[in-house]
Amino acid sequence: MALTKKLIDAYLKEFVELTNAAVPPRGLEYFNEKQYNILDQKNITGHLKGYFMEDDAILEIDLEKMTMLIDFSNDGYFDGASVFLPLATLTDQTCYIGIKAEDKKNKVFFFDYQEGFTEQEYSLDELLKKIK
C-alpha cells in the first residue's frame, strides 16, 4: 500500500492519542520528507544489535502494524519512563525500529516483543546514511 499524507497524518495522530506524547521533530521530518522509502524492504540484519532470529531483518513500512506496536510497546511494561515512535517494522515479526520521543540525539532502538528495547549505536540519520 502506498503511503499518503492522509495515512501518515492518521498514524502520527494515533501515536499522540495513544501515548500522550508529541511526535518527535525528527520523526515528523522522517515521515513528511518520505525518508522511510530509504529503509523500506532493506535488510538491516548486520546493523541490528539485539536481533537473534533466524530470518533476516527486512524492514517494511506497515502503518497498521506500527500502530498496533505503539500501544503494545508503550504500555509501561518494557520501559515505563519512555515513549517510542515506530519508524519501520520487521517483516513477519512483532518487532520494529524506532526512536525515543524525548531523545534529542534520535538514537535508534530495536523493539522485540519478548526482550523489549535495545539501543543501537547509531542515530536515525546515521542509519539512513548506512542503508542508502
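Residues numbered from 1 in each chain as written. Predicted model: local features only at pLDDT ≥ 70, side-chain atom pairs only at ≥ 80, totals over all residues. Heavy atoms only, no water.

Q: Quick question: what am I supposed to make of the overall build of the chain here?
A: On a plain count of helices and strands, the chain comes out with five helices and five strands. Overall, the chain shows an N-to-C arrangement of helices and strands of α-α-α-β-α-β-β-β-β-α. Over its C-alpha atoms the chain spans a radius of gyration of 13 Å, differing by no more than 12% from the 14 Å that the globule rule assigns to 132 residues. With the C-alpha coordinates of the chain rotated into their principal frame, the extents come out at 35 × 30 × 30 Å. In the chain, buried positions account for 48% of the 132 residues. Within the chain, counting contacts between residues at least 6 apart in sequence, those at least 24 apart form 52% of the total. (Helix = DSSP H or I, 4+ residues; strand = E, 2+ residues; numbered from the N terminus. Rg over C-alpha atoms; globule rule 2.2 N^0.38 Å. Buried < 20%, exposed > 50% of the residue type's maximum accessible area, 1.4 Å probe, protein only. Contact = heavy atoms within 4.5 Å.)

Q: Please explain the pairing of strand β5 (residues 116–123) as it appears in this structure.
A: Remark: a regular strand shows side chains that alternate across the two faces of the sheet. Relative to β5, strand β4 (residues 107–112) runs antiparallel, the two sharing five bridges. Opposite phenylalanine 111, over in β5, you have phenylalanine 117 as the bridge partner. Here β4 folds back onto β5, and the loop between the two strands holds three residues. (Pairing = 2+ DSSP bridges.)

Q: Explain the environment of lysine 104 here, please?
A: Here lysine 104 lies in the loop between β3 (95–100) and β4. Through-space distance from the C-alpha of lysine 104 to that of glutamate 14 is 22 Å; in sequence the pair is 90 residues apart.

Interpretation note: all reported values are geometric properties and have no functional meaning in isolation.
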